[in-house]
Structures are given as C-alpha cells and as structure tokens.
Amino acid sequence: MIVFRTLDDVPAGFGPSAVTIGKFDGVHTGHRAVISTLDREALQQGLTATVITFDRNPLELLAPEKCPPALTGIEQKLDLLAGTGIAATLLLTFDRQTADLSPEAFVESILVDRLHARVVLVGADFRFGARGAGDVAMLAALGERFGFVVHLIDDVRPEGGRRVSSTWIRDLLAEGDVAHAARLLGHVPAVRGVVVHGAARGRELGFPTANLSPESDGLIPADGVYAGWLTDEGVRYPAAISVGNNPTFEGVPQKQVEAYVLDEDLDLYDHRVEIAFVERIRGMVAFSGIEPLIAQITADVERARAILS
C-alpha cells in the first residue's frame, strides 16, 4: 500500500482513482466491506482504489470533550488498511486549515486536483467541509460538475439489527468482551507500546511479564486477565495478559498492561511490541496473600494455553 502523509506527497500523475473517505478507526468489518466494494469498482473501471483518512478523530480538534478514545493508533490503522489490500491511503492532517475548507474546496483540492477521483463511495450520513456543511446530495452535485460519480454504501449489520460501529466495539472492550469485539473488527483487538521496567513482582512470583508503557496505542480493554498474543519483531508468542492495577499490591498505576509469555523468558525491554487480546479469562480481583495469587496465576496460564492451542 502506498501511503501519502500530505497532499504534496501525491504525485501529479496519480489516478484516476476510486475513493472512500472516513475515520476508519479500528478498520472493522464495516470498513472492510466498504473497501471490498471500492476494490471491485476500481478493478472494473481501471481505477486506483484509495482511502482518505485522518491523523486523528476530527472531534479531537472540533469538540474535544466529545471525542471518544481511539481504537487504534495511526500506525496500527495504516497497517490494518494495508492488510485489506487497498492500493493507496491518503492520511490527512486534521488541523484548523483542513477543518475550515469549504465543501467545494475540499472536493476540488483533494478529490479532483490531487486524486483525480472518478468514483466516490460514502455512507448515507457522510458530512464534509467546514462545520459539516456538505452532505451526500452536495457531493453528488459536485461530482456532476467535476466528473465523478457518488455511490452510497449500505451499513453492515452482522447480527440482524445494530450496524457495526467503532462505538459498539468500544462498548464491548469496556466490558472486556474482546472475543465479540474481534468478530466485529475482523481482527483481534490489540495495543502497541514500548516494554518498560516494572516493579518485577511477576518475576518474583515466577511469572516474568513484559510491562507496556502507559503511552501505548490502541484501546485497552476492561481490567482482567486475558489469553492473547505478544508480537515482537514479527514473531508471535502465546501469552497470559493482565490489565488493571493489580489490587493485591498497593501503589500500582491504573490500567497497566502486562503480558507473561508462555514458556519463554525474553528480554523485551525497550522493544516496541503488540499485545493482542483473544479471550477474557476472568475479572481483576484482590487476593488475601501471595500463595492464593500464585495458584490463580498458574490456573490462568493453563487456561490461556488451552484457549490459544
């Protein structure tokens, strides 16, 4: 996948293209259905399938008090988009200059002048331009003027009623239901971050863990213990993962992510790793002492092994 991180990165001869536009937070099954349709349209018409997305949720700038946490960081999103097979992604910086573009200026400067769009796929609730002044009808009218057609995309409703959305997936992660979230995402939810030194309590208990820096990318699920995977430098290892503040001990930061790699003792300090959550084993509880804690961790590790085998 070609990634353009600014409009100036798009070469003069790019396209003609088939384009879709959106936040693509999580790159979930709804997004993947859009991209699949886009790919078909592009193939049939000899166009370059292109995604336009943003370096942040526009609400982060426009209404930060309403901005939800992101399901994925920027690099995670780009990797997931690349995994769909899309030909190109334009990652726009959503700053005040972008936010203030009129609908016509957005279309002309980006879709027409840079991407040479011939087909644009959007949802029925698509809005664009300053203060969301542009809607699908305006986009279609501008398409007639500038030489592209607009196609509406149906919502994906895998369970009969509710459409797939990033909001639904956030709700599931907040409940710890990572397995259901994975079905809606089309991939296992994951976070990425640098492994830092912790209090070494896991090693003292016989279960050394890789502790993620609090500045990680991706939405961390509810407190609890999970079966999942730790990936380092392209190698994936089965792991039992703890999320929370380790209530048995005092003074542990909130929302700490620790992964015990099964049957391995790896030196991962300062490595940037990905931790993926496959299934929740249990919630987070406080134990009366070290021996009950060790017994439970042992059971958790065996449960994780069974889930991942």
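Here the structure is shown first, and the text comes after it.
In this text, all values refer to a predicted model and were calculated from it rather than measured experimentally. (Residues numbered from 1 in each chain as written. Predicted model: local features only at pLDDT ≥ 70, side-chain atom pairs only at ≥ 80, totals over all residues. Heavy atoms only, no water.)

J.: I'd like a rundown of the overall build of the protein, residues and numbers included.
T.: Assigned secondary structure in the protein consists of ten helices and twelve strands. Expressed as lengths along the three principal axes of its C-alpha atoms, the size of the protein is roughly 75 × 35 × 35 Å. Burial status across the protein gives 47% buried among its 309 residues. Sequence-distant contacts, at least 24 apart, represent 72% of the contacts inside the protein between residues at least 6 apart. Of the roughly 14,700 Å² that the protein leaves accessible, carbon and sulfur atoms contribute 50%. (Helix = DSSP H or I, 4+ residues; strand = E, 2+ residues; numbered from the N terminus. Buried < 20%, exposed > 50% of the residue type's maximum accessible area, 1.4 Å probe, protein only. Contact = heavy atoms within 4.5 Å. Areas by Shrake-Rupley, 256 points an atom, 1.4 Å probe, with all protein chains shown as cover.)

J.: Requested: an account of the packing of aromatic side chains, with residues and values cited.
T.: The tally for this structure, following the rule as stated, stands at six aromatic pairs. Note on Phe-54 and Phe-94: the rings are 5.6 Å apart at their centroids and 90° apart in plane angle, and the pair reads as edge-to-face. Note that Phe-54 is positioned in strand 3 (residues 48-54) and Phe-94 in the loop between strand 4 (88-92) and helix 4 (96-99), a separation of 40 residues in sequence. Here Phe-54 falls in the buried class, since its relative accessible area comes to 9%. (Phe/Tyr/Trp six-rings, centres within 6.5 Å; stacked < 30°, edge-to-face > 60°.)

J.: Before we move on, can you summarise the sheet that holds strand 4 with the specific residues and values?
T.: Ordered in space as 1-4-3-2-5-6, the six strands form an open sheet in which the pairing is parallel. Across the chains shown, the open sheet's two edge strands, defined by having one partner strand only, are strand 1 (2-4) and strand 6 (149-153). Each adjacent strand pair in this sheet contributes to an overall mean axis angle of 25°, direction not counted. With four bridges connecting them, strand 2 (residues 17-21) and strand 5 (residues 117-123) associate as parallel partners. (Pairing = 2+ DSSP bridges. Axes fitted to C-alpha atoms, helices over the stretch in contact; angles between N-to-C directions.)

J.: Account for unusual backbone geometry, with residues named and values stated.
T.: Trans is the common state for peptide bonds, and a negative phi is the common state for residues other than glycine. Cis geometry marks the peptide bond from Gly-15 to Pro-16; its omega dihedral reads 0°. Locating Pro-16 in the fold gives a position in the loop between strand 1 and strand 2. Backbone geometry at Phe-24 places phi at a positive 55°, although glycine is not the residue there. Position of Phe-24 relative to the elements: it lies in the loop between strand 2 and helix 1 (29-45). Residue Phe-24 is classed as buried on the basis of its relative accessible area of 4%. At Asp-270, a residue that is not glycine, the phi angle is positive and equals roughly 75°. With respect to the helices and strands, the residue Asp-270 is situated in the loop between strand 11 (256-261) and strand 12 (272-282). According to the relative accessible area criterion, Asp-270 is exposed, its value standing at 65%.

J.: Outline the packing of helix 7 (residues 166-175) against helix 8 (residues 178-185), supporting the account with residue identities and numerical values.
T.: Running from N to C, helix 7 and helix 8 cross one another at 160°; their axes reach a closest spacing of 8 Å. Relative to helix 8, the element helix 7 is oriented roughly antiparallel. For the pair helix 7 and helix 8, the sense of crossing is left-handed. Of the residues in helix 8, those in contact with Trp-168, Ile-169, Leu-172 and Leu-173 of helix 7 are Val-178, His-180, Ala-181, Leu-184 and Leu-185. (Parallel < 35°, antiparallel > 145°, perpendicular 65-115°, else oblique. Left-handed = near helix turned anticlockwise from the far one by under 90°.)

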